[in-house]
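So the chains spell out like this:
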Amino acid sequence: GKARYEVFSVGMRTQVVSRLQLENDLRRAIASAIEGNSQELSVHYQPIVSLETGKIAGFEALVRWQNSQGKFISPVEFIPVAEETGLIVTLGEWILEQSCRQLRIWQQQFTMQPELTISVNLSSQQFAQPDLIERIEQILKKIGLNGHSLKLEITESMAMKDVDSTIAKILRLKALNLKFSIDDFGTGYSSLSYLHRFPVDTLKVDRSFVSRMEETTEDAAIVQTIVMLSHILGMDVIAEGIETASQMEKLRILQCEYGQGYFFSKPLHAEAATALLSQYTNS
Ligand code: C2E
Ligand code: CA
Ligand code: CA
Ligand code: CA
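Because the structure is predicted, anything quoted here is derived from the model rather than measured. Residue positions are given per chain, counting from 1 as you read along its sequence in written order. Both sets of labels track the order of writing: A upward for chains, 1 upward for ligands. The predicted origin of the model limits local features to residues at a pLDDT of at least 70 and limits the giving and counting of side-chain atom pairs to 80 or more, whereas totals for whole chains, interfaces and linings rest on all residues. Excluded from the side-chain calculation are hydrogens and water; included are all heavy atoms of the structure.

Colleague: How would you sum up the coordination of the calcium ion (ligand 2)? Please name residues and give values.
Modeller: Each metal's donors are the N, O and S atoms within 2.8 Å of it, or within 3.2 Å when it is Na, K or Ca, and because water is not part of the set, sites may look incomplete. Around the calcium ion (ligand 2), the protein supplies E60 (OE), N121 (OD1), E153 (OE) and D183 (OD) as donor atoms, at distances of 2.2 to 2.4 Å. Sequence positions of the residues that donate to the calcium ion (ligand 2) give the spacing E-x60-N-x31-E-x29-D. Between the calcium ion (ligand 2) and the calcium ion (ligand 3) the interatomic distance comes to 3.9 Å, and D183 is a ligand of both metals. In this pair, N121 sits in strand β4 (residues 117-121) while D183 sits in strand β6 (residues 179-185), placing the two residues 62 residues apart along the sequence. On the accessibility criterion, N121 (30% relative accessible area) is partly exposed. Put simply, DSSP marks the helices as runs of H or I at least four residues long and the strands as runs of E at least two long, and each gets a number from the N terminus on. The classification of residues rests on relative accessible area computed with a 1.4 Å probe and restricted to protein chains. Under 20% of the type maximum is buried, over 50% is exposed, and intermediate values are partly exposed.

Colleague: Can you explain the environment of S211? Please cite residues and give values.
Modeller: Along the chain, S211 falls in helix α9 (residues 207-212). Linking S211 and E243, residues 32 residues apart in sequence, is a C-alpha distance of 7.7 Å. Within the structure, S211 has its side chain in polar contact with the backbone oxygen of S208 (distance 3.2 Å). The definition of a polar contact used here is a pair of N or O atoms within 3.5 Å, where within protein one atom must be able to donate a hydrogen and the other to accept one, and adjacent residues in sequence count solely through side-chain atom pairs.

Colleague: Break down the site of ligand 1 for me, with residues and values.
Modeller: We define proximity as follows: a residue is near a molecule or strand when any one of its heavy atoms falls within 4 Å of that partner. Around ligand 1, a shell composed of 21 residues is seen, among which Q46, R64, R207, E243 and Y262 lie nearest. Between ligand 1 and the protein, one listed contact pairs a nitrogen atom with a backbone N or O atom of V63 at 3.3 Å. Here R207 contributes a side-chain N or O atom positioned 3.1 Å from a nitrogen atom of ligand 1. The accessible surface values rely on the Shrake-Rupley method and a 1.4 Å probe; as for residues, cover is taken only from the protein chains in view. Calculation on ligand 1 without its partners gives an accessible area of 800 Å², and the protein chains cover 82% of this total. When contributions to the shell around ligand 1 are tallied by element, the ones reaching two or more residues are β2 (56-66), α2 (75-85) and β6. The element contributing the most residues to the shell around ligand 1 is β2, with four residues.

Listed below in structure tokens is the structure:
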């Protein structure tokens, strides 16, 4: 009926308009970030902790956006828009550069053994860029950062899309000594028969398994299997989304090397992360 059609079309129009608005706002926020005067976009850092020693091994960089009206917009909402519009390429490069600069500052400020690393999420569009290697090389050189301090996170679904070309690309980036993690492991269509071919250093067990591992024996078994398999393949493991001491303890017993989650810390802005680091290094 007519009424129904109108309700539908009004709803759709609202959606399209707000989506366009988001895109425009994001485009502007990125432009001013690149000019070096962004108050809207920032990078936060979440510690990745060694479950054996309790020390901070590194941080994952996570982008934050507080728009001009002061509203926080989740990356779950705006990263896909950035992907579809191609904005992710400039945004991603800005995040990468910010993160590398911050790590360089920390490395000079705190002498830690082993050295701190920074993990940066790579979107599929960024990963597909033909000149990605040159761009990363340039950033590292400009900042004076060693390739081995930088770890790139690609999701399992990205990695499995075109296995051969993914492997080739990773190998070329590894020539810069970069490290790689497979993110959200266990959530995509992973083919275990391909896993051993990926020249990656780390698997990140998705939060969904960690959060349920004390509730269902299936999830506990999945986590244990991922940890064992990773070790057989010579990779280490980061458990995502650890929220309780008992989750941490179970993962430590499984010999999972690293943990990340609210139990240790939420993602922090640079100053708060620096304060956390000085606490850790003083003790
Ligand atoms: P992700 O890469 O899997 O990042 C981990 C997400 O889990 C982050 O959400 C983090 O804040 C959250 N998290 C960490 N510990 C806990 C915990 O103990 N409990 C709970 N409930 N959540 C926890 P965030 O920052 O909202 O990011 C969501 C997703 O957006 C990321 O998932 C990633 O896919 C994407 N994203 C975030 N920042 C970037 C970025 O700089 N570049 C790209 N390409 N994607 C990003
Ligand atoms: Ca990640
Ligand atoms: Ca993840
Ligand atoms: Ca995730």
